[in-house]
Amino acid sequence: MNPRLNHRSGLQLLALMLFTTLLAGCGINNIPTLDEQAKAAWGQVQNQYQRRADLIPNLVETVKGYAQHEQETLTAVIEARAKATSIQVDASTLDNPEKLKQFQQAQDQLSGALSRLMVVSERYPDLKANQNFLALQSQLEGTENRIAVARRDFILAVQKYNTEIRTFPGRLWHSVMYSDLPIRETFEATSPNAEKAPEVKF
């Protein structure tokens, strides 16, 4: 065996290991990692919205038994739920700001309809004392809190991803290897006058 050839092979192997180490530590994997984290956070948002949608039929049926003449409010909730669940979204929705906005508007309409339903329930003491209603109301409140947390987590994941592809060295890797991954849109307030504090009158 030629010692010179062994030495050359050893140097090549050492250079390859050094190059691999440098490449692994330079952030080349940050962009796809952060992209996957944003997609996972979006999946959690969808999961919580679905949980809310699943609770609504039981809530409506419980209220219906006590508040027969509140049909308009019940119908609004049912229609808002149908609209919110009819908008099909997946990870590709993150690449379509218009579809993301449309999805969020439908969810906001459902939130508004549910708020009106809760106001209606205040008029019926028997309904407010119903254990099934109380349990559903508690689950719904918990779900609304989970939605807020999931949305916050999604916003943070998108912020990290967008920051990575807009700053060095991520910007370099984005232009060289991941140019197909766009800047991600995040949630925006879609309710009218959402930036204004509500007026509270007693």
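Residues numbered from 1 in each chain as written. Predicted model: local features only at pLDDT ≥ 70, side-chain atom pairs only at ≥ 80, totals over all residues. Heavy atoms only, no water.

1. Here we look at the overall build of the chain
Here is step 1 of the chain: In terms of regular secondary structure, the chain is built from 7 helices and 0 strands.
Here is step 2 of the chain: The secondary structure elements of the chain, listed N-terminal to C-terminal, are α-α-α-α-α-α-α.
Here is step 3 of the chain: Across the 202 residues of the chain, 33% fall into the buried class.
Here is step 4 of the chain: Restricting the contact set of the chain to residue pairs at least 6 apart, pairs at least 24 apart contribute 79%.
Here is step 5 of the chain: Summed over its atoms, the accessible surface of the chain is roughly 12,900 Å², and 55% of this surface lies on carbon and sulfur atoms. (Helix = DSSP H or I, 4+ residues; strand = E, 2+ residues; numbered from the N terminus. Buried < 20%, exposed > 50% of the residue type's maximum accessible area, 1.4 Å probe, protein only. Contact = heavy atoms within 4.5 Å. Areas by Shrake-Rupley, 256 points an atom, 1.4 Å probe, with all protein chains shown as cover.)

2. Digging into the layout of surface pockets
Here is step 1 of the chain: Of the voids in this model, the largest pocket is the one considered here, and its volume is about 160 Å³.
Here is step 2 of the chain: Taken together, Gln-46, Tyr-49, Gln-50, Ala-53, Ala-84, Thr-85, Ile-87, Gln-88, Val-89, Phe-103, Gln-107 and Leu-110 form the lining of the largest pocket.
Here is step 3 of the chain: If you list the elements that add at least two residues to the lining of the largest pocket, you get α2 (30-66), α3 (71-86) and α4 (97-121).
Here is step 4 of the chain: Taken together, the residues of the lining of the largest pocket break down into 7 nonpolar, 5 polar and no charged. (1 Å grid on protein atoms, 1.4 Å probe; cavity = no way out; pocket = protein on both sides within 12 Å on 5 of 7 lines; lining within 4 Å. Points joined across faces, edges and corners; volume = space filled by probe spheres on them. Nonpolar A, V, L, I, M, F, W, Y, C, P; charged D, E, K, R; others polar.)

3. Focus on the nonpolar core
Here is step 1 of the chain: Trp-42, Leu-59, Leu-114, Leu-117 and Phe-154 are the most contacted members of the largest nonpolar core, which has 38 residues in total.
Here is step 2 of the chain: If one sorts the elements of this core by residue count, α2 sits on top with 10 residues.
Here is step 3 of the chain: Beyond its immediate sequence surroundings of up to four residues, Phe-154 is in contact with Ala-38, Ala-41, Trp-42, Val-45, Leu-94, Glu-185, Thr-186 and Phe-187.
Here is step 4 of the chain: One finds Ile-28, Trp-173, Tyr-178 and Leu-181 within the second-largest nonpolar core, a separate group that totals 8 residues. (Core = buried A, V, L, I, M, F, W, Y, C linked by side-chain atoms within 4.5 Å.)

4. Some remarks on the confidence of the model for the chain
Here is step 1 of the chain: Looking at the chain, the pLDDT average stands at 84 and 85% of residues meet or exceed 70.
Here is step 2 of the chain: Element-level mean pLDDT values for the chain span from 66 in helix α1 (residues 3-24) up to 94 in helix α6 (residues 131-166).
Here is step 3 of the chain: Every residue in residues 197-202 is under pLDDT 50, and counting partners more than four places away or in other chains gives 0 contacts. (pLDDT = per-residue confidence, 0-100.)

5. Things to note about the packing of α2 against α3
Here is step 1 of the chain: α3 packs onto α2 with a crossing angle of 165 degrees between their chain directions and a minimal axis gap of 11 Å. Taken together, the axes of α2 and α3 lie roughly antiparallel to each other. As for the relative orientation of α2 and α3, their crossing is left-handed in sense. The segment α2 lies against α3, with Ala-53, Asp-54, Ile-56, Pro-57, Val-60, Val-63 and Lys-64 engaging Leu-74, Val-77, Ile-78, Arg-81 and Thr-85.
Here is step 2 of the chain: A per-class count over the contact of α2 with α3 returns 8 nonpolar, 1 polar and 3 charged. (Axes fitted to C-alpha atoms, helices over the stretch in contact; angles between N-to-C directions. Parallel < 35°, antiparallel > 145°, perpendicular 65-115°, else oblique. Left-handed = near helix turned anticlockwise from the far one by under 90°.)

6. Observations concerning the packing of α2 against α4
Here is step 1 of the chain: Across the interface, α2 lies against α4 with an axial gap of 12 Å and an inter-helix angle of 30 degrees. Between α2 and α4, the angle is such that the two are roughly parallel. Here α2 and α4 pass one another in a crossing that is left-handed. Touching Trp-42, Tyr-49, Arg-52, Ile-56, Leu-59 and Val-63 of α2 are Leu-100, Phe-103, Gln-104, Gln-107, Leu-110, Ser-111, Leu-114, Leu-117 and Met-118, all from α4.
Here is step 2 of the chain: For the contact of α2 with α4, the per-class residue count stands at 11 nonpolar, 3 polar and 1 charged.

7. Focus on the packing of aromatic side chains
Here is step 1 of the chain: Evaluation of the coordinates by the stated rule reveals 3 aromatic pairs.
Here is step 2 of the chain: Aromatic pair Trp-42 and Phe-103: ring centres 5.4 Å apart, planes at 70 degrees, arrangement edge-to-face. Taken together, the residues Trp-42 in helix α2 and Phe-103 in helix α4 connect sequence positions 61 residues apart.
Here is step 3 of the chain: For Trp-42, a relative accessible area of 0% puts it in the buried group.
Here is step 4 of the chain: Plain terms: the ring middles of Trp-42 and Phe-154 are 5.3 Å apart, the flat faces sit at 50 degrees to each other, and that makes the pair tilted. Within this pair, whereas Trp-42 is found in helix α2, its partner Phe-154 is found in helix α6, the two being separated by 112 residues in sequence. The pair formed by Trp-42 and Phe-154 is uniform in burial state, with each residue classed as buried.
Here is step 5 of the chain: A network of ring pairs unites the aromatic residues Trp-42, Tyr-49, Phe-103 and Phe-154 as a single cluster.
Here is step 6 of the chain: The ring of Tyr-161 is capped by Arg-184, whose NZ or CZ atom sits 5.4 Å from the centre of that ring. (Phe/Tyr/Trp six-rings, centres within 6.5 Å; stacked < 30°, edge-to-face > 60°. Lys NZ or Arg CZ within 6 Å of the ring centre and 35° of its normal.)

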